[in-house]
Amino acid sequence: MFRTLLITSAFLTAGWSSAALAQQTPDATAQAQAAEDALADQIGRGAEAWANTCSNCHNMRSPTELSPAEWDMTVNHMRVRANIPGDVAEDIKAFLILSSTPVEEAPSPDGN
Ligand code: HEC
């Protein structure tokens, strides 16, 4: 009984504080959500373009085989070699960089 009460109040507190935070900073919350959505879109496009483009000439290399810095360089190189449009290359890069490291360590593609 005490345990249930404790858990329930923990939930209530967590729910209340995030609601209060959203109320205090509606713009910041909306902006963060929009940035998150845009990044998710880019990663989705990148994964698709990667699957469709990067196996045309050679076997696909797993994202985990290279570091984020190496992917940055490699995709620039492949963009020129394979004549991949700049925006598509950026999407592929974002996907590979995010997928090359565990989620908690991954930097965002724009380096922030
Ligand atoms: C037009 C054909 C072509 C396409 C499309 C292409 N590559 Fe390549 N790729 C090559 C060739 C040729 C080499 C080896 C020679 C060189 O490095 O230029 C290479 C080499 C590589 C290498 C390093 C060599 C190795 O050890 O395997 C990686 C990594 C790589 N490509 C990844 C990619 C990725 C990621 C994409 C998609 C963005 C891609 N490639 C698209 C032709 C292509």
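Anything mentioned here points back to the structure above.
Within every chain, residues take consecutive numbers counted from 1 along the sequence as written. Local features are withheld for residues below a pLDDT of 70 in this predicted model, meaning they are given only at 70 or higher, and side-chain atom pairs are given and counted only at 80 or more; totals for whole chains, interfaces and linings count all residues.

Student: How do you make sense of the site of the ligand when you look at a structure like this?
Tutor: Being near a molecule or strand means, for a residue, that its C-beta atom, positioned from the backbone, comes within 6 Å of it. Taken together, the neighbourhood of the ligand is formed by 13 residues, with Cys54, Asn56, Cys57, Met78 and Ala82 sitting nearest. Among the elements that line the shell around the ligand, the one with the most residues is helix α3 (residues 68-82), at five residues. Within the shell around the ligand, the residues separate by chemical class into seven nonpolar, four polar and two charged. Helix numbering and strand numbering both begin at the N terminus, where a helix is a DSSP run of H or I of at least 4 residues and a strand a DSSP run of E of at least 2. Note that Gly is not counted as nonpolar here; it falls among the polar residues with everything else outside the nonpolar set of Ala, Val, Leu, Ile, Met, Phe, Trp, Tyr, Cys and Pro and the charged set of Asp, Glu, Lys and Arg.

Student: For this particular structure, what's the right way to read α3?
Tutor: In an α-helix, one full turn covers 3.6 residues, which means residues spaced three or four apart are oriented alike. Take the number of residues in a helix, subtract one, and multiply by 1.5 Å to get its expected span. Given a rise of 1.5 Å per residue, 15 residues ought to cover 21 Å, and the 20 Å separating the end C-alpha atoms of α3 matches this to within 8%. Whether two residues are in contact is decided by their C-beta atoms, placed from the backbone, lying within 7 Å. The inward-facing, buried residues of α3 abut α4 (86-100).

Student: I'm lost on α4 in this one. Help?
Tutor: Over its 15 residues, α4 runs 21 Å from end to end, which matches the ideal 21 Å to within 8%, given 1.5 Å per residue. Using C-beta atoms placed from the backbone, we call a residue buried if 20 or more other C-beta atoms fall within 10 Å of its own, exposed if 12 or fewer do, and partly exposed for counts in between. Looking at α4, one finds that the buried residues are Asp91, Ile92, Lys93, Ala94, Phe95, Leu96, Ile97 and Leu98. On the buried face of α4, the contacting elements are α2 (26-53) and α3.

Student: Is there a simple way to think about unusual backbone geometry in this case?
Tutor: It is generally the case that most residues other than glycine have a negative phi and that most peptide bonds are trans. With a phi close to 55°, Asn83 is a non-glycine residue in the positive phi region. Tracing the chain through its elements places Asn83 in the loop between α3 and α4. Looking at Asn83, the number of C-beta atoms within 10 Å reads 7, which means it is exposed.

Treat this as a map of the structure, not an account of what it does.
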